[in-house]
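# Report on the structure
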Amino acid sequence: MLMRKVPGFVPASSWGLRLPQKFLFLLFLSGLITLCFGALFLLPNSSRLKRLFLAPRTQQPGMEAVAQVAGHSLAREPESPPNPAPAVPAPGKDDPSSQASPRSRKGWPRRTRLVELREEVAAAPPRPQEGSIQSSFDFNAFRSRLRHPVLGTGANKSKEPQSLVQTQREKIKEMMQFAWQSYKRYAMGKNELRPLTKDGYEGSMFGGLSGATVIDSLDTLYLMELKEEFQEAKAWVEESFHLNVSGEASLFEVNIRYIGGLLSAFYLTGEEVFRIKAIKLGEKLLPAFDTPTGIPKGVVNFKSNRGSNQSWGWAMAGSSSILAEFGSLHLEFLHLTELSGNQVFAEKVRNIRKVLKDLDKPFGLYPNFLSPVSGNWMQHHVSVGGLGDSFYEYLIKSWLMSAKTDMEAKDMYYEALEAIETHLLNVSPGGLTYIAEWRGGILDHKMGHLACFSGGMIALGADDAKEEKRAHYRELAAQITKTCHESYARSDTKLGPEAFWFNSGLEAMATQMSESYYILRPEVVESYMYLWRQTHNPIYREWGWDVVMALEKYCRTEAGFSGIQDVYSTVPSHDNKQQTFFLAETLKYLYLLFSEDDVLSLEDWVFNTEAHPLPVNHSHSSARGGG
């Protein structure tokens, strides 16, 4: 008590500290507490400490792991590259995220699914684009509107003994199986097989796209019920068909082979991978249409996203676009719009139709070359063979595919056919009917093998001609097809040359070696198939079987089928190429020739110019036969 009364004396606290000391101590203690708590939030790897002090937030189980997978793979470009980056490792001792303690996994009942998700990402290239294109297209409703089952009912309606027709059909199926297995063994993923050297060939026509034989074969494998082979082809499309390429590609060839093949595969199976790939690839072709007229250029550069015109072998177009190329997009592009909901595809081809319809045509004929800049014809060369052929084919097939509502296509087709008959049709001294080529009013008295599709085309359109012309067109189709058969029958191999003439005393024969080759082309057997379905005249099956035997004898090699360089030599010199269209067209048309009419019925399907079946638009009709 005495000490408290001494002036200037401040008594100590019960801890022995005076007030200034107590203040300093409390200040130090508060700073230390602040520092410690701040570290919980500011220092790295503090999530576990946070959980000690913070109330847990509601979170979907496993989202951290899903985010990690998504951050590694799903943020890529829509198409995975040909050589994809390593995938996320599956959980294990080398994966840090798998080292969490059992306590941290407690209450995560879907952890097993996360492991499966990681393994799926590691096992296959990511394909996020397959869910990114929405469509209102109802596949089941489409199939219900078909008049006939896709592969027919199996009922025997033919006049030939069933055992013979079955044997012939099975032989063609075996040829397809052999062609596919040879390709798979020696060239899988390449564009074409080279059977003599037993390797693959890529070429430059497809701009870096690969697997042309795979895409071209899909619907033929399905048609022939080669189920294992079809699954092999489908798996390749899913896992290895990449669109992130940067070369220059033929607009026409990519459209008829790749897009046509993918569209057909989708309509036959309903597998989304085919629809998505077709639409994505179609989008890559759109820059070719960036011209003053909207007439596309023949070549599209996948890297620069620009179109150009250049030569593809014999097709010397210069700065022009080729009639058969820009005129053979209509079927596929309408279906791209149907399956994507994107009107741009249909708008592009309808503009082409408008430009052509408004142009003046010399004598009603369509020349083969058109400037995409000025919209003027560049040369007065007219051909129903190469350079012009499939333009006419797509007019009549547009009419049929529209369920006979596209009157513009119908009118343009019959007007063009009348002009062809008036100015190009001839009969040789030996009585063979042929369609010549026209060069500014002067005729070249020859037909190319490519022009031999015209017999089938005219037969296909005969029923919708004016009533007084129908019988005439049926007979004309038969006569042209007979002429093309003669080009086969007059060769030593019973296979037809690339072109044949009607002059100098020769009829339906090539006159020079440069036109004497056969590259497994389909146009003649294509016409046999259409004429058989229209007439059921057994001669067309007889002629078709002759082709099968000739292919087996002269074109089959140890490792696939090959074209030959001279059809007039019974000692074949092979060209070492199994063309993709041999599997897409030649074998398909032969198989259909020996099948019943309701197998890919012409009431339900039209074939694009690569023989890929595309459905007739029965959207306003009721179902009759089911799919």
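Higher on the page you've got the structure.
Attention in this report is confined to the structure presented alongside it.

What counts and how
- Residues numbered from 1 in each chain as written.
- Predicted model: local features only at pLDDT ≥ 70, side-chain atom pairs only at ≥ 80, totals over all residues.
- Heavy atoms only, no water.
- Phe/Tyr/Trp six-rings, centres within 6.5 Å; stacked < 30°, edge-to-face > 60°.
- Helix = DSSP H or I, 4+ residues; strand = E, 2+ residues; numbered from the N terminus.
- Buried < 20%, exposed > 50% of the residue type's maximum accessible area, 1.4 Å probe, protein only.
- Lys NZ or Arg CZ within 6 Å of the ring centre and 35° of its normal.
- Disulfide = S-S within 2.5 Å.
- Axes fitted to C-alpha atoms, helices over the stretch in contact; angles between N-to-C directions.
- Parallel < 35°, antiparallel > 145°, perpendicular 65-115°, else oblique.
- Left-handed = near helix turned anticlockwise from the far one by under 90°.
- Contact = heavy atoms within 4.5 Å.
- Nonpolar A, V, L, I, M, F, W, Y, C, P; charged D, E, K, R; others polar.
- Pairing = 2+ DSSP bridges.

## As for the packing of aromatic side chains
Evaluation of the coordinates by the stated rule reveals 33 aromatic pairs. Pairing Phe-206 with Tyr-258 gives two aromatic rings, centres 5.3 Å apart and planes at 75°, and the pair type is edge-to-face. Placement of the pair is Phe-206 in the loop between strand E2 (199–201) and helix H9 (212–223) and Tyr-258 in helix H11 (residues 251–269), with a sequence separation of 52 residues. Tyr-258 shares its class with Phe-206; the two are buried. Ring plane angle 85° and centroid distance 6.4 Å describe the contact between Tyr-366 and Trp-377, whose orientation is recorded as edge-to-face. Within this pair, whereas Tyr-366 is found in the loop between helix H15 (344–358) and strand E7 (369–370), its partner Trp-377 is found in strand E8 (residues 377–379), the two being separated by 11 residues in sequence. For Tyr-366, a relative accessible area of 4% corresponds to the buried category. Through successive ring pairs, a cluster of aromatic residues spans Phe-137, Phe-139, Phe-142, Phe-266, Tyr-267 and Trp-605. A cation over an aromatic ring shows up here: Arg-556 above the ring of Phe-178, its NZ or CZ 3.9 Å from the ring centre.

## Section: the state of the cysteines
Summed over all chains, the structure comprises one disulfide. There is a disulfide in this structure between Cys-452 and Cys-484, and the S-S distance comes to 2.1 Å. Taking the sign of the S-S torsion, -95° for the link of Cys-452 and Cys-484, the bridge is left-handed. Here Cys-484 lies in helix H19 (residues 467–489) and Cys-452 lies in the loop between strand E14 (446–448) and helix H18 (454–462), a separation of 32 residues in the sequence. Take Cys-452: its relative accessible area is 1%, and that puts it in the buried class.

## Points about the packing of helix H14 (residues 330–340) against H15
Two numbers describe how H14 lies on H15: the axes approach to 7 Å, and their chain directions differ by 150°. Taken as axis vectors, H14 and H15 run roughly antiparallel relative to one another. Crossing of H14 against H15: the hand is left-handed. In this structure, H14 uses His-330, Phe-333, Leu-334, Leu-336, Thr-337 and Ser-340 to contact H15, whose residues at the interface are Phe-345, Ala-346, Val-349, Arg-350 and Arg-353. Classifying every residue of the contact of H14 with H15 gives six nonpolar, three polar and two charged.

## Considering the side chain of Gln-168
Mapped onto the elements of the fold, Gln-168 is located in helix H8 (residues 162–187). The exposure class of Gln-168 is buried, given its relative accessible area of 10%. In this structure, Gln-168 is in contact with Trp-545 and Phe-594, ignoring residues within four places of it in sequence.

## Observations regarding the sheet that holds strand E15 (residues 499–503)
Taken together, three strands build an open sheet; the order of strands is E14-E15-E16 and the sheet is antiparallel. Edge positions in the sheet fall to E14 and strand E16 (506–509), since each has one partner strand and no second. Looking at each pair of strands side by side, their axes are set apart by 15° on average, direction ignored. With three bridges joining them, E14 and E15 adopt antiparallel strand pairing. From the neighbouring strand, Met-447 faces E15, where its bridge partner is Phe-500. Packed onto the sheet, H19 meets E14, E15 and E16 and runs at close to 105° relative to E15.

## Thoughts on the sheet that holds strand E9 (residues 381–382)
Pairing is antiparallel across the open sheet formed by three strands, whose spatial order is E9-E12-E13. Among the strands making up the open sheet, the edge pair consists of E9 and strand E13 (442–444). Relative to strand E12 (residues 437–439), E9 runs antiparallel, the two sharing two bridges. Bridge pairing links Val-382 to Trp-438 in E12.

## Side note on the pairing of E16
Regular strands place their side chains on alternate faces of the sheet. Direction of pairing for E15 relative to E16: antiparallel, over a ladder of three bridges. Paired with Trp-501 across the two strands is Met-509, which belongs to E16. Between the end of E15 and the start of E16, which pair antiparallel, lie two residues, with Ser-504 showing a positive phi angle near 55°.

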